[in-house]
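# Inside the fold
This is what each chain is made of:
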Amino acid sequence: MITKSKLSVLTLALGGALACGSFVASLAADKPVPPKNAEAANPEAAKAEAAKAEPAKAAEPAKTAHAAPVHKVSPELVDAYIKATFGKAPPEWQERIVPDETMKDCNAYRGDVPVGVADTIIERELKRVTFPADGKFLGNWKEGAKIANNGRGGQFSDDEKTVNGGNCYACHQMEKAEVSFGTLGPSLTHFGKDRKYADAEIKQAYIKIYNSQAVIACSNMPRFGTNKFLTEQQIKDVLAFLFDPESPVNK
Ligand code: HEC
């Protein structure tokens, strides 16, 4: 469901850098710059020019961002629009835009669900967490580091054999040395160390990664296990990345 990837975050960053670069380039190229005070020199002529160029805009009353009306778009219209944008996608992709009970609740309240509904969501989502049959929560932190860094999977450009990544860095800082990370989620540096590597904390983090909404209703974090985006082993590996004392997250 989440299509934001680290790659696209990078692309955005690069896009910004390029846009900035071309601005600098145009300055450096010594292009003639229209004098800023042209209007001051001949205000009447400047106004007449502006009115000619944008008659429609000139006629419109001034609007401020705050005064903008709140548009209530019907959910049917939104559904139809989303469906249309997925129109040519393969059938298994179409399923991804059908909201489950929890997403329906979150959509209806735009994520800001009342306490009672939040409790219902958490109760429902907790039932959708499967704990490891072997009772072991921690896998291999080195594998976990790769998974946390991998933004592939679930994208049009992926081939069928693509192994999904967790894309954790798109939203979280994890190891300190990483320079590229998103900030939608809290920083997870020293995650295990700060929690004294306690078993109860490991279990809680497993639940969070397996099904974020079993902890916080309408979380922006994907439900990696419940939605079968990551395998149980991948979740264990990522958990080790957070909780192994040898992991760079805890250095
Ligand atoms: C789309 C953004 C997003 C992605 C991707 C994401 N998270 Fe999160 N995560 C969040 C947000 C936001 C929170 C804050 C709590 C909440 O709203 O659910 C969070 C909270 C957490 C927490 C709890 C932090 C605490 O202080 O208790 C952990 C652990 C966590 N994420 C781990 C991960 C791991 C591991 C991955 C990758 C497998 C991941 N997250 C991917 C957004 C994301």
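Our subject in this report is the structure included herewith. What you see is a predicted model, and the numbers here were worked out from it, not measured in a lab. (Residues numbered from 1 in each chain as written. Predicted model: local features only at pLDDT ≥ 70, side-chain atom pairs only at ≥ 80, totals over all residues.)

Helix and strand counts for the protein come out as twelve helices and zero strands. For the protein, the residues scored as buried account for 23% of the 251 residues in total. The contacts of the protein with a sequence gap of at least 6 include a subset with a gap of at least 24, amounting to 58%. (Helix = DSSP H or I, 4+ residues; strand = E, 2+ residues; numbered from the N terminus. Buried ≥ 20, exposed ≤ 12 C-beta atoms within 10 Å, placed from the backbone. Contact = placed C-beta atoms within 7 Å.)

Looking at where K142 falls in the secondary structure, it is placed in helix α9 (residues 141-149). Classification of K142 by C-beta neighbours within 10 Å gives partly exposed; the count is 14. Separated by 96 residues in sequence, K142 and V238 place their C-alpha atoms 8.7 Å apart.

Counting 27 residues, the largest nonpolar core has A148, I209, I235, V238, L239, F241 and L242 as the members making the most contacts within it. Elements with a minimum of two residues in this core: α9, α11 (199-210) and α12 (232-243). It is α12 that provides the largest number of residues to this core, a total of seven residues. Once you skip the residues sitting within four places of it in the chain, I209 turns out to touch F224, G225, I235, V238 and L239. (Core = buried A, V, L, I, M, F, W, Y, C linked by C-beta atoms within 7 Å.)

Relative to each other, α9 and α12 sit at 100°, their axes nearing to 7 Å. Classified by the angle between their axes, α9 and α12 sit roughly perpendicular to one another. When α9 is examined against α12, the residues W141, E143, G144, A145, I147 and A148 are found in contact with a partner set consisting of Q234, D237, V238, L239, A240 and F241. A class-by-class count of the residues in the contact of α9 with α12 yields eight nonpolar, two polar and two charged. (Axes fitted to C-alpha atoms, helices over the stretch in contact; angles between N-to-C directions. Parallel < 35°, antiparallel > 145°, perpendicular 65-115°, else oblique. Nonpolar A, V, L, I, M, F, W, Y, C, P; charged D, E, K, R; others polar.)

This paragraph deals with the site of the ligand. For the ligand, the set of nearby residues contains 23 residues, the closest of which are G166, C168, C171, G185 and S219. Broken down by element, the shell around the ligand gets its largest block of residues, three residues, from α11. Classifying every residue of the shell around the ligand gives 15 nonpolar, seven polar and one charged. (Near = placed C-beta within 6 Å.)

Geometry only, nothing functional implied.
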